[in-house]
Amino acid sequence: MAFPNVKAYYQAAVLTSLLSHLIKDKQPQWVVMENRAIRLFQVPNLLWLHKKNRPTTPTMPSQLALALQVWETHRTHFETGCPLSMATPIEAITYCIPTFHATPWKEKGITHLSHVCEAGKLMDFTRLRAIYDIPQTSQYSHIPLKSLLGKQSKVRMPDHRDPVEISAWEKIRISGKTSPKFKPLSDCYKVLQTYTPLHKSPQAANWHLDLETKVPEGTWKHIISSTRKLIKSAPLLEQHQKTLYRWYMVPTRIHKQYPHSSPLCWRCTQEQEQGTVMHIWWRCPQLARFWKKVHKLIKRATNTDINFEPATFLLLNFPNVAPAHKMKLICHVLLTAQKLIARSWKYTKAPNIQTLIQEIDKQLIYETYFIKTHPRPQRFLGTWELWHS
Ligand SMILES: [Zn+2]
């Protein structure tokens, strides 16, 4: 039985409240009150704007502020256009381009960005004039809009979306109506439970840059699925996810957010090395000795010589170098080593190999309980026999 994701359900409920602002007919009384509270601004206008372009509204009710905050986190799931959604009201463009005059466009029936785009592309001014008969002076608004939407006047879409696809939310905004099949709470909840696959995430692109090689899409999937098959320990799986998704804040990343903080490594303070992800996790001289000992330990315990490189030690990318029971022990050792590095975060000394051995011995206690309750314990015994020997 699948347990409900309470957080996603709560966020879906908050987002559903925003939907009431998008529907033109039968707006509940609280929507009218919220709109009155923010005076000059309309929620649909604020919604599709990016945070930096959104005007400040000091009288915003706290419930609406919360809904906009949740929306900001998850908006990429509900909108298709980039940098602007197709559902962006034409008057909202004024917040992005202060010289944009929306009135002549609205007078001719252009209410949303979708009206001036064809197949995800902004129409030429001549075509716009032919269709909507907008005045010649509107060309001064068309030029900056073209520039805003991209050099080729193409509305860029996230790579996994069809260029002309419009989300259900955008359809509602453009038409102002909901279809009977649309169930806002269930649909929102379903969308929030999906996540971006690692191979399409910015973290994967950063790993490609750091490792100076491209990890193929299939390899990312293999790394995740094979580790899940081999490791049953939740803390170790969590460690693997955190490393893959670059969860840890390294000095260079903190320095970008807080310029007063030092971007240098906290371990090798004499060398004045930049604290990048690769340095903190792999290249730091203080850590090099630890990783070499981990490599030796794996070789001694499993009689397998895995490549001494960051893709193997950090991402666990070593496809089928040994039988499954040996692979399982290798994964345990590597993830425990990563866990110890994370545990000694900001310490000047790197963890030592003795602590690693003690930590794996501790895990063995839990593994023993797991094996005892498993219907086929012989599948797991080989791994821990290797460790004892
Ligand atoms: Zn260092």
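Quick notes on the rules
- Residues numbered from 1 in each chain as written.
- Predicted model: local features only at pLDDT ≥ 70, side-chain atom pairs only at ≥ 80, totals over all residues.
- Helix = DSSP H or I, 4+ residues; strand = E, 2+ residues; numbered from the N terminus.
- Buried ≥ 20, exposed ≤ 12 C-beta atoms within 10 Å, placed from the backbone.
- Contact = placed C-beta atoms within 7 Å.
- pLDDT = per-residue confidence, 0-100.
- Core = buried A, V, L, I, M, F, W, Y, C linked by C-beta atoms within 7 Å.
- Axes fitted to C-alpha atoms, helices over the stretch in contact; angles between N-to-C directions.
- Parallel < 35°, antiparallel > 145°, perpendicular 65-115°, else oblique.
- Left-handed = near helix turned anticlockwise from the far one by under 90°.
- Nonpolar A, V, L, I, M, F, W, Y, C, P; charged D, E, K, R; others polar.
- Arc of directions from axis to C-beta.
- Expected span 1.5 Å × (residues − 1).

**Quick word on the overall build of the chain**
Phase 1: Counting secondary structure elements, the chain contains 20 helices and two strands.
Phase 2: Expressed as a percentage of its 389 residues, the buried residues of the chain come to 25%.
Phase 3: Looking at the chain alone, contacts between residues at least 24 apart form 63% of all its contacts between residues at least 6 apart.

**Considerations on the confidence of the model for the chain**
Phase 1: Averaged over every residue, the pLDDT of the chain is 81; the share at 70 or more is 85%.
Phase 2: Ranking the helices and strands of the chain by mean pLDDT puts helix α15 (residues 277-283) first, with 93, and helix α9 (residues 168-175) last, with 66.

**Considering the nonpolar core**
Phase 1: Grouped together as the largest cluster of nonpolar side chains are 32 residues, with contacts concentrated most on Ile 330, Cys 331, Val 333 and Leu 334.
Phase 2: Within the residue set of this core, elements represented by two or more residues are α12 (217-230), α13 (234-244), α15, α16 (285-302) and α18 (324-343).
Phase 3: The dominant element in this core, judged by the number of residues it contributes, is α18, at nine residues.
Phase 4: Those residues in contact with Val 333, other than ones at most four positions away along the chain, are Val 294, Leu 297, Ile 298 and Ile 360.
Phase 5: Of all hydrophobic cores here, the second largest spans 28 residues; its members include Leu 19, Phe 100, Trp 105 and Leu 145.

**Side note on the packing of α16 against α18**
Phase 1: Where α16 meets α18, the closest approach of the two axes is 10 Å, and the angle between their N-to-C directions is 160°. The pairing of α16 with α18 is recorded here as roughly antiparallel in orientation. α18 is crossed by α16, and the crossing has right-handed handedness. In this structure, α16 uses Val 294, Leu 297, Ile 298, Ala 301 and Thr 302 to contact α18, whose residues at the interface are Lys 326, Leu 329, Ile 330, Val 333 and Ala 337.
Phase 2: For the contact of α16 with α18, the per-class residue count stands at eight nonpolar, one polar and one charged.

**Quick look at the environment of Gln 274**
Phase 1: Turning to its location among the elements, Gln 274 is positioned in the loop between α14 (251-257) and α15.
Phase 2: When the 15 C-beta atoms within 10 Å are taken as the criterion, Gln 274 is described as partly exposed.
Phase 3: In sequence terms Gln 274 and Pro 263 are eleven residues apart; their C-alpha atoms lie 5.8 Å from each other.
Phase 4: Residues within four places of Gln 274 in sequence aside, it is in contact with Thr 252, Pro 263, Leu 264 and His 279.

**Quick look at unusual backbone geometry**
Backbone phi values are negative for most residues with the exception of glycine, while trans is the configuration of most peptide bonds.
Phase 1: Backbone geometry places Asp 133, a non-glycine residue, at a positive phi of 60°.
Phase 2: As for its position among the elements, Asp 133 is in the loop between α7 (125-132) and α8 (139-148).
Phase 3: Residue Asp 133 is classed as exposed on the basis of its 10 C-beta neighbours within 10 Å.
Phase 4: Unusually for a residue other than glycine, Leu 316 sits at a positive phi of about 65°.
Phase 5: Mapped onto the secondary structure, Leu 316 falls in the loop between α17 (310-313) and α18.

**Quick notes on helix α10 (residues 184-193)**
Phase 1: Three or more residues of α10 are buried, namely Pro 184, Cys 188, Tyr 189 and Leu 192. One side of α10 holds all its buried residues, which, seen down the axis, span an arc of 125°.
Phase 2: Looking at the packing, one finds that the buried side of α10 touches α1 (6-22) and α4 (62-74).

**Some points on α18**
Phase 1: For α18, which comprises 20 residues, the first-to-last C-alpha distance of 28 Å matches the rise-based estimate of 28 Å (1.5 Å per residue) to within 8%.
Phase 2: Burial of α18 is extensive: 14 of the 20 residues sit out of reach of the surface.

**Some thoughts on the environment of Ala 8**
Phase 1: Structurally, Ala 8 is set in helix α1.
Phase 2: Assessed through the 17 C-beta atoms surrounding it within 10 Å, Ala 8 is described here as partly exposed.
Phase 3: Residues Ala 8 and Lys 190, spaced 182 residues apart in sequence, show a C-alpha to C-alpha distance of 8.8 Å.
Phase 4: If near-sequence neighbours (up to four positions away) are discounted, Ala 8 is found in contact with Tyr 189, Leu 192 and Gln 193.

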